[in-house]
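A closer look at the structure
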Amino acid sequence: MSSTPQRDAAPPADYQLLLPQGWFRVHIAPERREQSVDALLERQFKGIDNAPQIKMELRKELIRQAARAFDEGGIELYISLQQAGSLTIPASLLVTLVTPRDPKVPLPSLRDLAESLKAEGGKGRTVSVVELAAGSAMKVRVDPESASTRMQPEDGDYALPSVTVDYQLSIPRSDMQLLLTFSTPLVQIADAMVELFDAVAGSLAWKGAAN
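All values reported here derive from a predicted model rather than from experimental measurement. (Residues numbered from 1 in each chain as written. Predicted model: local features only at pLDDT ≥ 70, side-chain atom pairs only at ≥ 80, totals over all residues. Heavy atoms only, no water.)

Looking now at the nonpolar core. Leu17, Leu93, Leu178, Leu180, Phe182, Phe197 and Leu204 are the most contacted members of the largest nonpolar core, which has 28 residues in total. Mapped by element, the contributors of at least two residues to this core are strand E6 (92-98), strand E11 (163-170), strand E12 (177-184) and helix H4 (190-202). When residues in this core are grouped by element, the largest group, six residues, is from H4. Phenylalanine 197 has contacts with Trp23, Ala91, Val165, Tyr167, Phe182, Ser183 and Thr184, leaving out every residue within four places of it along the chain. (Core = buried A, V, L, I, M, F, W, Y, C linked by side-chain atoms within 4.5 Å. Buried < 20%, exposed > 50% of the residue type's maximum accessible area, 1.4 Å probe, protein only. Helix = DSSP H or I, 4+ residues; strand = E, 2+ residues; numbered from the N terminus. Contact = heavy atoms within 4.5 Å.)

Looking at the second largest pocket, its volume works out to about 150 Å³. In terms of lining residues, the second largest pocket is bounded by Pro12, Ala13, Asp14, Tyr15, Ile75, Leu97, Ile171, Met176, Leu178 and Trp206. Its residues placed into classes, the lining of the second largest pocket shows nine nonpolar, no polar and one charged. (1 Å grid on protein atoms, 1.4 Å probe; cavity = no way out; pocket = protein on both sides within 12 Å on 5 of 7 lines; lining within 4 Å. Points joined across faces, edges and corners; volume = space filled by probe spheres on them. Nonpolar A, V, L, I, M, F, W, Y, C, P; charged D, E, K, R; others polar.)

Another point: the environment of serine 170. Among the structural elements, serine 170 can be located in strand E11. Using a relative accessible area of 37% as the deciding quantity, one classes serine 170 as partly exposed. Distance in space between the C-alpha atoms of serine 170 and alanine 134 is 9.2 Å, their sequence separation being 36 residues. Every residue in contact with serine 170, bar those within four places of it in the chain, is listed here: Leu110, Met176, Gln177 and Trp206.

Dropping the structure here:
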């Protein structure tokens, strides 16, 4: 009996993430985008009939986020509608598949990329390499200069200052990488939110990968 060498094994067929209750997937492909957003809003506003303006503005924002995610190469977008008492905990997760622009030129290793980002510096940016169950990941946290930073224009609109955290991992037995980008405007409790993001990223598991 012969076994297939590890180097000949196929890359994982998929991945899975464990998300907190109240996080919903928004389908970002154009043909499913509006239907997905409408389904999410119907669930969120069930039994609420006196907030049509808020619902309309939220619909517009969610569709804008979904369109941007798709245009930037995203494959999945999750929006947090998680409740803490009567309050919603706003956050998002965009999953992006990173592929080489030139098939003949491989992507830089995560450690090389991390060292390059560290050398560049950057205000409010922290770069590290962390170990997750799914493998080594480059973690990049970016904090606004202060919690009182004014809103900055974003494509003609205004966006609240946010904390973003990226986790970038190599996909086993492939030349591709997976990028998880979390974001939240709750800069006052940024550390607690990053702990949540760490937990979600730490739950990443490859499916269909050979052992």
